[in-house]
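The primary structure of each chain is shown beneath.
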Amino acid sequence: MEKIAIFTHLCPSLKPFNSNLSSDVGFSLPCLTSVFPNQRRKILVTRASIAIEQETQTKLALIRIGTRGSPLALAQAYETRAKLIASDPGLAEEGAIEIVIIKTTGDKILSQPLADIGGKGLFTKEIDEALINGEIDIAVHSMKDVPTYLPDKTILPCNLPREDVRDVFISLTAGSLAQLPSGSTVGTASLRRKSQILHRYPSLNVLENFRGNVQTRLRKLNEGVVQATLLALAGLKRLDMTENVTSILPIEDMLPAVAQGAIGIACRSDDETMANYIALLNHEETRLAVACERAFLKTLDGSCRTPIAGYACRGEDGDCIFKGLVASPDGTRVLETSRKGPYTFEDMTLMGEDAGKELLSRAGPGFFGN
């Protein structure tokens, strides 16, 4: 794996920033020390070590996996392929599984904020169409990109084990959002992140249309377009790029997006063979947590214009703990709620719906400025 790395003028005698992080998440983080005036460190930009198969298929693949072409999307598709092979050794034969790259609207239009180009389905529409038309057999999605209403003739019965749901702070010059000087610019394409940043740190600026894949955003950070950015830890872990992390944001400070860190696998509703294949991969605890969060989002009728966050997990006693949030886009108002109940599909979807209804009632008309 080729890396581009330059660390300059960091004082080795100073203590690392947040030295407990490595034990917390199971990987080593770079030492972030005090930075003196005019001293900067370079973010490590790892080129994803994902090989795209170039061989001509000599026979029809048993399973054609549809995916976006970004390094992260490909990492998720290859993770799916590996799990399919592990579940059925017959799929290990060369050519049995084919990765089909499909460019989506969200990939084609990078010059505008997501909210301005349609919101729902920007990263799934073309893949869903290919699935329905029989051009692929299964579709691999980041669950946070999947609209709450699935297209007709498709089902999404499988979620892979969820990765770490937290967001991370990445900067060349500061250890956290709190350490950024007043007026600093933070880049993000997420209204959820923007509203929560501005709610806690109103003196910061947020560059809203900070779009592109992980590598592109880190390059822009290195070029000084922004002073910091926030990314999902799950994506960095799947790309083996956690060396870029400056600090990890606690759930209490930055509630994640609905279904963040979860991968979903869809197939046609009439394709029993594919449904059986992917049923073997399903992680039920993740599926139920995602169902709870998506019930919350569906009740709020959330879109890319709506700052919404939600997270469900299993507590120490085995029950589900859910936290939900809605905010005004400028961060001046943030409404939060929580629920606790049995870790079952029916109970958890009802919890998500009930939490959504509560926040709709509390927010009142015109809250989101739409």
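Note that this is a predicted model, so its numbers are computed, not measured.

Asker: Can you help me understand empty space enclosed by the protein in this one?
Answerer: By rolling a water-sized probe across the atoms, one finds the places where empty space is left. Counting across every chain of the model gives one cavity of 30 Å³ or more. Quantified by volume, the largest cavity comes out at close to 60 Å³. Every residue along the wall of the largest cavity is listed here: Thr124, Asp128, His141, Val146, Pro147, Tyr149, Leu150, Pro151, Thr154, Leu156 and Ala266. Split by residue class, the lining of the largest cavity holds seven nonpolar, three polar and one charged.

Asker: Where do I start with the nonpolar core in this structure?
Answerer: Considering soluble globular proteins, one finds that nonpolar side chains tend to be buried as a cluster. With 34 residues, the main nonpolar core has Ile136, Met143, Phe296, Cys320, Val326 and Met348 as its most contacted residues. At the level of elements, helix H4 (125-132), helix H9 (284-300), strand E13 (308-314), strand E14 (320-327) and helix H10 (345-363) are the ones that each hand at least two residues to this core. Counting residues per element, this core draws most heavily on H9, at seven residues. Not counting residues up to four positions away in its chain, the partners in contact with Met143 are Leu156, Asn159, Ala259, Ala262, Ile263, Gly264, Val290 and Arg294. Formed by 21 residues, the second largest nonpolar core is a distinct cluster that contains Ile63, Ile97, Cys158 and Ala275.

Asker: Please clarify how the packing of aromatic side chains should be interpreted in this entry.
Answerer: A complete count under the given rule lists one aromatic pair for this structure. A centroid spacing of 5.0 Å and a plane angle of 65° characterise the contact between Phe296 and Phe322, whose relative ring orientation is edge-to-face. Note that Phe296 is positioned in helix H9 and Phe322 in strand E14, a separation of 26 residues in sequence. We classify Phe296 as buried; its relative accessible area is 0%.

About the cut-offs
Residues numbered from 1 in each chain as written. Predicted model: local features only at pLDDT ≥ 70, side-chain atom pairs only at ≥ 80, totals over all residues. Heavy atoms only, no water. 1 Å grid on protein atoms, 1.4 Å probe; cavity = no way out; pocket = protein on both sides within 12 Å on 5 of 7 lines; lining within 4 Å. Points joined across faces, edges and corners; volume = space filled by probe spheres on them. Nonpolar A, V, L, I, M, F, W, Y, C, P; charged D, E, K, R; others polar. Core = buried A, V, L, I, M, F, W, Y, C linked by side-chain atoms within 4.5 Å. Buried < 20%, exposed > 50% of the residue type's maximum accessible area, 1.4 Å probe, protein only. Helix = DSSP H or I, 4+ residues; strand = E, 2+ residues; numbered from the N terminus. Contact = heavy atoms within 4.5 Å. Phe/Tyr/Trp six-rings, centres within 6.5 Å; stacked < 30°, edge-to-face > 60°.

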